[in-house]
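Below are the chains, spelled out letter by letter.
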Amino acid sequence: FLGGGVTKGRDEVVASWSVLLDPESGTSLRWLPTDARVADSGDLAYTVGEFTITRSGADGDRKARGLYVTVWGRGDDGRWRVLVDAGSPPQPDPSS
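Residues numbered from 1 in each chain as written. Predicted model: local features only at pLDDT ≥ 70, side-chain atom pairs only at ≥ 80, totals over all residues. Heavy atoms only, no water.

Engineer: Requested: an account of the overall build of the protein chain, with residues and values cited.
Structural biologist: The number of helices and strands found in the protein chain is 1 helix and 5 strands. Moving toward the C terminus, one meets the helices and strands of the protein chain in the order α-β-β-β-β-β. Among the 96 residues that make up the protein chain, the fraction classed as buried is 17%. Partitioning the intrachain contacts of the protein chain with sequence separation of at least 6 by distance along the chain shows that 37% fall at a separation of at least 24. Approximately 7100 Å² of the protein chain is accessible, and the part contributed by carbon and sulfur atoms is 54%. Each charge class in the protein chain can be summarised by its mean position, and for the 11 positive and 14 negative side chains these summaries are 1 Å apart. (Helix = DSSP H or I, 4+ residues; strand = E, 2+ residues; numbered from the N terminus. Buried < 20%, exposed > 50% of the residue type's maximum accessible area, 1.4 Å probe, protein only. Contact = heavy atoms within 4.5 Å. Areas by Shrake-Rupley, 256 points an atom, 1.4 Å probe, with all protein chains shown as cover. Lys, Arg positive; Asp, Glu negative; His and termini not counted. Charge placed at Lys NZ, Arg CZ, Asp CG, Glu CD.)

Structure below.
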């Protein structure tokens with residue numbers, strides 16, 4: 001996620017997101033969906049929006065922002081799962 005490369009499979013996704021999933025890392029991710037659509041078939045959807053990554057350190061919080069798109073698939077069990085998640089490279093937030 002933070003490295004800018006393509007990540008495939010559960011193990012690679014978990015490894016690439018580990019810094020965001022570790023509460024001790026001082027790094028957090030917030031996202032704000034700005035649009036969402038569901039296909040007429042009811043089994044495919046997407047969300048788009050903005051994200052903010054905050055890294056807390058001794059010198060204060062540093063933020064970076066970007067845009068994302070997530071494609072969702074609905075399984076036979078009715079649960080939505082991420083099929084594809086992509087985003088722009090995070091850009092430093094000048095206000096932080």
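Once the structure has been displayed, the description carries forward.
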